[in-house]
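Per-entry structural report
The primary structure of each chain is shown beneath.
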Amino acid sequence: MKNKRYEIDMCNGSIMDKLISFSLPLMLTSILQLMFNAVDIIVVGRFDSSSALAAVGSTTSLIHIFTNLFVGISLGANVLAARHYAAGRDKEMSETVHTAITFALLSGIVMAFVGLCAAYPVLKLMGTPSDVIGQSARYMKIYFMGMPFFMLYNYGSAILRAVGDTKRPLLFLSLAGMANVALDLLLVIVIPLGVAGVAVGTVASQCVSSILVVRCLCKTEGSYQLKFSRLKIKKVHLKQIFQVGIPAGIQSVVINFSNALLQSSVNSFGSIAMAGYAAANNILGFLYVAINAVTQACMSFTSQNYSVGKHKRMDRVLLNCMILSVGTGAVLGVGSYVFGGTILQIYTTEEDVIRCGLEILSITTVPYFLCGIMDLIPGALRGMGHSAVPMVLSVIGTVGTRIVWIYGMFPHHRSLYFLFISYPASWGITILMQAVCFYFVRKKCIRHILQAA
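Notes on the structure follow. (Residues numbered from 1 in each chain as written. Predicted model: local features only at pLDDT ≥ 70, side-chain atom pairs only at ≥ 80, totals over all residues. Heavy atoms only, no water.)

A word on the overall build of the chain. Looking only at helices and strands, the chain features 17 helices and 0 strands. Expected size for 453 residues packed as a compact globule is a radius of gyration near 22 Å; at 21 Å, the chain falls within 12% of this value. With respect to the principal axes defined by its C-alpha atoms, the chain has extents near 60 × 45 × 35 Å. Counting every position in the chain, which comprises 453 residues, the buried fraction comes to 59%. In the chain, once contacts between residues fewer than 6 apart in sequence are set aside, the share between residues at least 24 apart is 85%. In the structure as shown, the chain presents an accessible area of about 17,300 Å², 68% of it carried by carbon and sulfur atoms. Put simply, the chain has 34 plus and 18 minus side-chain charges, and the middle of one group is 12 Å from the middle of the other. (Helix = DSSP H or I, 4+ residues; strand = E, 2+ residues; numbered from the N terminus. Rg over C-alpha atoms; globule rule 2.2 N^0.38 Å. Buried < 20%, exposed > 50% of the residue type's maximum accessible area, 1.4 Å probe, protein only. Contact = heavy atoms within 4.5 Å. Areas by Shrake-Rupley, 256 points an atom, 1.4 Å probe, with all protein chains shown as cover. Lys, Arg positive; Asp, Glu negative; His and termini not counted. Charge placed at Lys NZ, Arg CZ, Asp CG, Glu CD.)

Laid out in structure tokens, this is it:
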């Protein structure tokens, strides 16, 4: 079939080249998706004001808290679809696709309503300064109106990733990204709408990407073809999606909650520090999506090989992913540190903002490969169907460490540098706990595979 050329055989042949073939388009796709927010930050930072930059940047953690539960659930759809596809269960695959897309549409509508109602109260609760909060709330409300499109794209892409197709989502998001840049420039420079303009541009571009991915699923000739007449939630498949996806989503929400607490601490330094953190955090976001692409590959490859009982190949997948993730994290982390000053000038020309951003980057970028390891182990565990344990460990290790740091140590050493030492500290503690967990879960999964054989 014509769409076979986009798919990857994850269960046979060499591993590293297929991981790269899978990860690289996904990495570029994730970077483009992050650029939706980055373009907003850059445009308002360069063509509006530092308060507008702070307003858009201060919403990032909050937006992730609200959205990441449902985005995390899409990982469950990815794992389940990968299993059915590898095992040749066409009926179950089709039902999983229609259940996932229906849920995506409904959850997007719910998120739009929640965002409209909760934006201002939550921003106020976080201590957002009065000179910023009005613009921040305006940006969030418009952004959340695009949640149905955002969810449809993420769930549709999760289905395509399950069969090894990461190239077409890249194409779709490239087109949407160009639309986003054009609209942001139009609605800030030509039509001076400020933060409202960049929010409208982002929503419109998300609409473009969702239409393209849904059209792709409708046009496919495979078992994952989407038909609107079959849109329905099958409880058995939704339950299986939730078993993997909800713990992953909760983990992401809780980690972003700790980031929101950290944002509150940054807010106490004023709008200049907020703007510096907004720019630095956006750079860290690019590092994260690069290594997370390898995690997504590990999850999909592990899931398919687990479904056909190839446990030795699962181990080789993890080893290759570890090499790829650490290498990517080290190269990009060191590069971001070395060229940090130059990169920050893309976001703003204000020297005080750049200085704050550099202070944050100086402690978070070089050890960023640790974040790659911390992200990878849960990906392998989710591929084997175990999502609850890595969630608990991440909450204890990452979130627990940051809470102790923010409320126990930071008040006695008030500086941005000391505040952000909590990043590498939490990564290291979490990795140690995850490694022990992985050893025992892997033994259990291999016994299950051998018994099934």
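A cluster of nonpolar side chains, contributed by V181, L185, L186, I189, V190, I191 and L193, occupies part of the molecular surface with about 550 Å² of accessible area. Its location among the elements puts I191 in the loop between helix 7 (167–190) and helix 8 (195–219). Overall, the relative accessible area of 38% leaves I191 in the partly exposed class. (Patch = residues over 30% accessible without salt bridge, like charges linked within 9 Å, V, L, I, M, F, W, Y side chains within 5 Å. Salt bridge = Lys/Arg side-chain N within 4 Å of Asp/Glu carboxyl O.)

The subject of this paragraph is the side chain of T430. Examined against the element boundaries, T430 turns out to sit in helix 17 (residues 422–452). Contact partners of T430, with chain neighbours within four places excluded, come to M374, L393, S394, G397 and T398.

Here the structure, examined in full by the defined rule, presents 14 aromatic pairs. Taking 6.0 Å as the distance between ring centres and 45° as the angle between the ring planes, the aromatic pair formed by F70 and F103 counts as tilted. Placement of F70 in helix 3 (residues 60–87) and of F103 in helix 4 (residues 90–125) is noted, with a sequence separation of 33 residues between them. Given a relative accessible area of 15%, F70 falls into the buried group. Ring plane angle 80° and centroid distance 5.2 Å describe the contact between Y439 and F440, whose orientation is recorded as edge-to-face. Its relative accessible area of 53% is what places F440 among the exposed residues. These aromatic residues form a ring-pair network of at least three members: Y277, Y368, F420, Y423 and W427. Sitting over the ring of Y423, R402 keeps its end group 4.4 Å from the ring centre. The ring of F269 is capped by R414, whose NZ or CZ atom sits 4.8 Å from the centre of that ring. (Phe/Tyr/Trp six-rings, centres within 6.5 Å; stacked < 30°, edge-to-face > 60°. Lys NZ or Arg CZ within 6 Å of the ring centre and 35° of its normal.)

The subject of this paragraph is the nonpolar core. Counting residues in each nonpolar core, the largest one holds 131 residues, and the members touching the most others are Y155, V266 and F420. Top element by residues in this core is helix 10 (residues 271–307). It accounts for 19 residues. If we skip the residues at most four places from it in the chain, V266 touches A273, M274, Y277, L416, L419 and F420. Core analysis: the next-biggest nonpolar cluster, separate from the first, contains 5 residues, L75, V79, V244 and M299 among them. (Core = buried A, V, L, I, M, F, W, Y, C linked by side-chain atoms within 4.5 Å.)

Moving on, we come to the packing of helix 10 against helix 13 (residues 351–364). Packing of helix 10 against helix 13 leaves a shortest axis separation of 7 Å and a crossing angle of 45°. The pairing of helix 10 with helix 13 is recorded here as oblique in orientation. For the element pair helix 10 and helix 13, the recorded crossing hand is right-handed. Between helix 10, through I272, A273, A275, G276, Y277, A280, I283 and L284, and helix 13, the contact on the second element is made entirely by D352, V353, C356, G357, I360, L361 and T364. Its residues assigned to classes, the contact of helix 10 with helix 13 comprises 11 nonpolar, 3 polar and 1 charged. (Axes fitted to C-alpha atoms, helices over the stretch in contact; angles between N-to-C directions. Parallel < 35°, antiparallel > 145°, perpendicular 65-115°, else oblique. Left-handed = near helix turned anticlockwise from the far one by under 90°. Nonpolar A, V, L, I, M, F, W, Y, C, P; charged D, E, K, R; others polar.)

With that settled, consider the state of the cysteines. Within this structure, the stated rule accounts for 0 disulfides. Cysteine C321 is unpaired, with the sulfur of C298 as its nearest cysteine sulfur at 4.2 Å. Free of any disulfide, C371 has its nearest cysteine sulfur in C298, 15 Å distant. (Disulfide = S-S within 2.5 Å.)

It is worth spelling out the packing of helix 4 against helix 9 (residues 235–267) at this point. Two elements in contact, helix 4 and helix 9, have axes whose closest approach is 9 Å; the angle formed by their N-to-C orientations is 70°. When the axis of helix 4 is compared with that of helix 9, the two are roughly perpendicular. Along its contact with helix 4, which presents E92, E95, T96, T99, A100 and F103, the element helix 9 presents H237, L238, I241 and F242. Counted by class, the contact of helix 4 with helix 9 contains 5 nonpolar, 3 polar and 2 charged residues.

Further remarks concern the environment of T401. Mapped onto the secondary structure, T401 falls in helix 15 (residues 388–409). Through-space distance from the C-alpha of T401 to that of I429 is 8.1 Å; in sequence the pair is 28 residues apart. If sequence neighbours within four positions are ignored, T401 has contacts with I396, A425, S426 and I429.

Attention now goes to the pattern of salt bridges. On inspection of all chains with the given rule, the structure shows 5 salt bridges. Close ionic contact of E95 with K234 constitutes a salt bridge, the shortest N to O distance being 4.0 Å. Residue E95 is found in helix 4, and its partner K234 is found in the loop between helix 8 and helix 9; the two are separated by 139 residues along the sequence. On the basis of relative accessible area, E95 is assigned to the buried category, the value being 17%. Across the pair D165 and R168 runs a salt bridge whose closest N-O atoms are separated by 2.6 Å. In this pair, the class of D165 matches that of R168, namely buried. What emerges from the salt-bridge pattern is a single network uniting K91, E95 and K234.

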